Amino acid sequence: MVNKADSQQVTTAAERAPSVSGASLRGGLVTQGLEMVTSPGLGLINTGRSERCNWSEAVSGPLRIEANNCELRDFSPGTRIAKGALLTARGQPHFAPVAARVEPVAGALNLYPDAHEGETAIPPLAPFAPAMDLKSNLAQIIARAREAGIVGMGGAGFPAWRKLAALSSDRPVVVINAVECEPGLASDRALWHARQADLPHVLAWLHASLMPHRLELAVKMGTQVPDVVRGLCEVLFTPHIYPAGDERILHRALVAPPAERPTDDNVLVFNLATLFALFDAVVTGWPPLSRWVTVLSPDGAPRVGEVLFGTTFESLLSVAGFDDSVRDTCTLATGGPFMHKLVSGSGCVGPTTTGLIVLPESSPAVVATPCIGCGRCDPVCPMHLPVQQLHHAADAGRDDQLRALRVSNCSGCGCCDAVCPSDLSLATQLRQASLEIERRAVAERIAAVTQAKAERHTAREQRRSESRARRRNTPAGDMGAVKRARLDDLIARARDKSSREPS
Ligand code: SF4
Ligand code: SF4
């Protein structure tokens, strides 16, 4: 059993008592989830250009950068870093390199080329136009996504190039995910309004470069979609339930039955911010340097602003209007009310920082009690998992049962946590169980390969020693026997080699 007090989960989700609801997405699928709590009036602060912001604070110490497990070059305070310069070595195998964020010039930061009058900024990457065929376009875009360090900006941080590389050579289905998943966050909404004029250009570029046989724009029900945008794509309206904007849910809405990952069905789902980042990197040559972040606190409306990567959370709170006492006493978390992780004030905004949550220092500790079998968790699971059974299987350490009940499909959305009267951290428990099963499967595969190698090595050594013994026992002058022994040796080696090659 996972105790909430011991986990990284905080209590906001569990304290709410949302009602269960369902709604149909196009394609006839019913999405289960939780009714969204609509956020009250949105306090907009453009932290990127507002005069209220003291951005020099953000770089007064060493730059704080989320490295996505990449090794960063060492920058000391005051180092002049060209805007858009790469901060990590290129070509990391699994994680995208991180592109530079800022150019500290005389204590000020240059966010956009036109931010400082008279100053010219040269894009660090050369823009390029689409070619005539999908294969060349895909190869170029993958290389650019890698070079510019573009990762999923909806929160997951999955390298964009890996998604693109997983597509087949057929024309894909492309889904632009503009559905703000977590209740209370308004970052995607702010981006939607800020760059609405660019959206038709992005869609036209997608048609010319990725040549989708279907281009979908997923937005929340009630969103005003301009006619010019409707003319360039199909619009998929999602209900106001959490987590309607989850990539897996959108995938299920479009493909029935869905494969394990959208890319297995040649479906590419990009969050709106990720898509703009990719478009900018290809068409203008600028890697992403900033993102929209919502600051949520228990009292007061959410505030949202465009924030440079590398800005510390303390600096962000300062420009968002929180006084020092709040910054010193509050607990901070990044993400949304359902899926978040606790962070310290010295952490920094990166591509995946959708929101910064300010929690009161005295958040009540939640102690989990045993499952009472109320059955509330099953109907809210958007992945249609038997949550209660999975919880008991995880408690009992029954890997076979967890696998049979498809624990790997758990997205960790936390809907089940929110309705559980026993305050169980079901999402954390099931995600951990799923990762543990995956880790063990990988370890078993590695052990099997290592053992097979060792067995082949032993057999080879044995054949060699037998061959040497045969040659030693051959009477002197019997050249035919020596040749036969050598031939046997060569045949054995060839057999050994062919047994190692994959069939
Ligand atoms: S079991 Fe997983 S996918 Fe289902 S509601 Fe819980 S956290 Fe979400
Ligand atoms: S909601 Fe909680 S208490 Fe109720 S069945 Fe599910 S795990 Fe058990």
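Calculation notes
The numbering scheme is per chain: residues are counted from 1 as the chain's sequence reads. As they are written, the chains are lettered A onward and the ligands numbered 1 onward, keeping that order. In keeping with the model being predicted, local features are shown solely for residues with a pLDDT of at least 70 and side-chain atom pairs are shown and tallied solely at 80 or more, while totals for entire chains, interfaces and linings include all residues. Excluding hydrogens and water, the side-chain values take into account all heavy atoms of the structure. The helix and strand labels rest on DSSP assignments: H or I over at least four residues marks a helix, E over at least two residues marks a strand, and numbering proceeds from the N terminus. Buried residues are those whose accessible area, probed at 1.4 Å on protein chains only, stays under 20% of the maximum for their type, while exposed residues exceed 50% and partly exposed ones sit between those limits. Between two residues, a contact is recorded if the distance between any of their heavy atoms is within 4.5 Å. For accessible areas, the Shrake-Rupley method is used with a probe of radius 1.4 Å. Any residue's cover is judged against the shown protein chains and nothing else. We define proximity as follows: a residue is near a molecule or strand when any one of its heavy atoms falls within 4 Å of that partner. For this scheme, ten residues count as nonpolar: Ala, Val, Leu, Ile, Met, Phe, Trp, Tyr, Cys and Pro. Four count as charged, namely Asp, Glu, Lys and Arg, and the remainder, Gly too, count as polar. For this document, the term salt bridge refers to a Lys or Arg side-chain nitrogen within 4 Å of an Asp or Glu carboxyl oxygen. Think of each axis as a best-fit line through the C-alpha atoms, taken over the contacting stretch in the case of a helix, with angles from 0 to 180 degrees between the N-to-C directions. By definition in this entry, angles of less than 35 degrees are roughly parallel, angles greater than 145 are roughly antiparallel, angles of 65 to 115 are roughly perpendicular, and the rest are oblique. pLDDT expresses how confident the predictor is about each individual residue, on a scale running from 0 to 100. Whenever a nitrogen or oxygen atom comes within 3.5 Å of another N or O atom, the pair is scored as a polar contact, on the condition that within protein one atom can donate a hydrogen and the other can accept it, and that pairs from neighbouring residues in sequence are kept only if both atoms are in side chains. To count toward a patch, a residue needs a relative accessible area over 30% and no salt bridge; like charges are then connected within 9 Å, while nonpolar side chains (Val, Leu, Ile, Met, Phe, Trp, Tyr) are connected within 5 Å. Ring pairs shown here join Phe, Tyr and Trp side chains whose ring centres sit within 6.5 Å, with only the six-membered ring taken for Trp; geometry is labelled stacked below 30 degrees between planes, edge-to-face above 60, and tilted in between. The rule for a charge over a ring is simple: NZ of Lys or CZ of Arg within 6 Å of the ring centre, and within 35 degrees of the ring normal. Two strands qualify as a pair provided that DSSP identifies no fewer than 2 bridges between them. Of all possible arcs, the one meant is that of the directions from the helix axis to the C-beta atoms.

A.B. asks: Break down the overall build of the protein chain for me, with residues and values.
C.D. replies: Counting secondary structure elements, the protein chain contains 16 helices and 15 strands. The burial tally for the protein chain puts 48% of its 503 residues in the buried class. Pairs at least 24 residues apart make up 68% of the contacts formed inside the protein chain by residues separated by at least 6 positions. With the model as given, the accessible surface of the protein chain reaches about 24200 Å², and the carbon-plus-sulfur share is 53%.

A.B. asks: Outline the site of ligand 2, supporting the account with residue identities and numerical values.
C.D. replies: Close contacts around ligand 2 come from Cys371, Ile372, Gly373, Cys374, Gly375, Cys377, Gln388, Cys420, Pro421, Ser422, Leu424 and Leu426, and that covers them all. Among the residues forming the shell around ligand 2, the class breakdown is eight nonpolar, four polar and no charged.

A.B. asks: Which residues make up the pattern of salt bridges, and what values go with them?
C.D. replies: Charged atoms that come close allow side chains of opposite charge to pair. The full count for this structure, using the stated rule, is 11 salt bridges. Across the salt bridge formed by Glu216 and Arg214, the nearest N and O atoms sit 2.9 Å from each other. Relative accessible area serves as the criterion here: at 0%, Glu216 is assigned to the buried category. Salt bridges sharing common partners tie together Asp399, Glu436, Arg439 and Arg440.

A.B. asks: So, the packing of helix α4 (residues 187-194) against helix α8 (residues 272-284): which residues are in play, and what are the values?
C.D. replies: Think of two packed helices as two axes; the pair is described by the angle between the axes and how far apart they sit. As a packed pair, α4 and α8 sit with axes 9 Å apart at the nearest point and diverge in direction by 45 degrees. Regarding the angle of α4 to α8, the classification is oblique. The segment α4 lies against α8, with Asp188, Leu191 and Trp192 engaging Leu272, Ala273 and Phe276.

A.B. asks: If you had to explain the packing of helix α2 (residues 134-147) against helix α5 (residues 199-209) to someone new, which residues and values would you point to?
C.D. replies: Their axes nearest at 9 Å, the elements α2 and α5 cross at an angle of 120 degrees. Between α2 and α5, the angle falls in the class oblique. The residues of α5 that touch α2, namely those facing Leu134, Asn137 and Ile141, are Trp205, Ala208 and Ser209. Split into classes, the residues belonging to the contact of α2 with α5 amount to four nonpolar, two polar and no charged.

A.B. asks: How would you explain the site of ligand 1 if you had to name every residue and give the values?
C.D. replies: By nearness alone, 13 residues border ligand 1, and Cys381, Cys410, Cys413, Gly414 and Cys416 come closest of all. Counting only elements with at least two residues in the shell around ligand 1, the list comes to α14 (415-419) and α15 (426-473). Taken together, the residues of the shell around ligand 1 sort by class into 10 nonpolar, three polar and no charged.

A.B. asks: Account for the confidence of the model for the protein chain, naming residues and giving values.
C.D. replies: When pLDDT is averaged across the protein chain, the result is 76; 73% of the residues are at 70 or more. Confidence drops under pLDDT 50 across residues 1-31; counting only partners more than four residues distant or on other chains, this segment forms 87 contacts. In this model, residues 91-120 is a region of pLDDT below 50 whose contacts with residues beyond four sequence positions or in other chains number 98 contacts.

A.B. asks: Tell me about the side chain of Thr294, and please be specific about residues and values.
C.D. replies: Tracing the backbone shows Thr294 in strand β11 (residues 290-296). There is a polar contact of 2.9 Å between the side chain of Thr294 and the backbone nitrogen of Ala186. In contact with Thr294, other than residues within four places in its own chain, are Gly184, Leu185, Ala186, Ser187, Pro302, Arg303, Val304, Thr354, Gly355 and Leu356.

A.B. asks: Quick rundown of a nonpolar patch on the surface? Include the residues and the values.
C.D. replies: Taken together, the side chains of Leu487, Leu490 and Ile491 make up a nonpolar region of the molecular surface, amounting to roughly 280 Å² of accessible area. Residue position: Leu487 is located in helix α16 (residues 479-500).

A.B. asks: Describe the packing of aromatic side chains, with residues and values.
C.D. replies: Overall, the coordinates contain two aromatic pairs when judged by the stated rule. When the centroid spacing of 4.0 Å and the interplanar angle of 15 degrees are considered together, the rings of Tyr242 and Phe338 count as stacked. Placement of Tyr242 in strand β9 (residues 241-242) and of Phe338 in the loop between β13 (331-335) and β14 (340-343) is noted, with a sequence separation of 96 residues between them. Each member of the pair, Tyr242 as well as Phe338, carries the same accessibility label: buried. The side chain of Arg146 reaches across the aromatic face of Trp161, ending 3.9 Å from its centre.

A.B. asks: Can you tell me about the environment of Pro124, naming the residues and giving the values?
C.D. replies: As for its placement among the helices and strands, Pro124 is situated in the loop between β5 (108-109) and α2. In the structure, Pro124 is positioned 24 residues away from Ala148 in sequence and 9.4 Å away in space, judged by C-alpha atoms.

A.B. asks: Tell me about the sheet that holds strand β8 (residues 234-238), and name the residues and values.
C.D. replies: Here we have four strands laid out as an open sheet, ordered β8-β7-β6-β10, and parallel in their pairing. Of all strands in the sheet, those with a lone pairing partner are β8 and β10 (267-271), marking the two edges. Averaged over all adjacent pairs, the angle separating strand axes in this sheet is 25 degrees, with direction ignored. Sheet topology note: the strand β7 (residues 214-220)/β8 ladder contains five bridges and is parallel. Paired with Glu216 across the two strands is Glu234, which belongs to β8. Here α8 sits on the sheet in contact with β6 (173-177) and β10, set at roughly 95 degrees to β10.

A.B. asks: An account of helix α12 (residues 387-395) is requested, with residue identities and associated values reported.
C.D. replies: Taken together, the buried positions of α12 are Val387, Leu390, His391, Ala393 and Ala394. Along α12, the residues classed as buried sweep out an arc of 165 degrees about the axis, all on the same side. Of the surrounding secondary structure, the elements contacted by the buried residues of α12 are α11 (377-380), α13 (399-404), α14 and α15. Once α12 ends, the next one or two residues include Gly397, with phi positive near 70 degrees.

A.B. asks: Summarise the side chain of Arg195; cite the residues concerned and give the values.
C.D. replies: The residue Arg195 is located in the loop between α4 and α5 in this model. Here Asp280 takes part through its side chain, which lies 2.8 Å from a polar atom of the side chain of Arg195. Aside from chain neighbours lying at most four places away, what touches Arg195 is Phe276, Phe279 and Asp280.

A.B. asks: An account of the environment of Lys163 is needed here, citing residue identities and associated values.
C.D. replies: Along the chain, Lys163 turns up in helix α3 (residues 160-165). What makes Lys163 buried here is its relative accessible area of 14%. Sequence spacing of Lys163 and Pro262 is 99 residues, and the spatial spacing of their C-alpha atoms is 9.2 Å. Setting aside its immediate chain neighbours within four residues, Lys163 contacts Phe158, Glu247, Thr263, Leu268, Val269 and Phe270. Within the structure, the side chain of Lys163 is placed 2.6 Å from the side chain of Glu247, a separation counted as a polar contact. From its side chain, Lys163 meets the backbone oxygen of Val269 in a polar contact 2.7 Å long.

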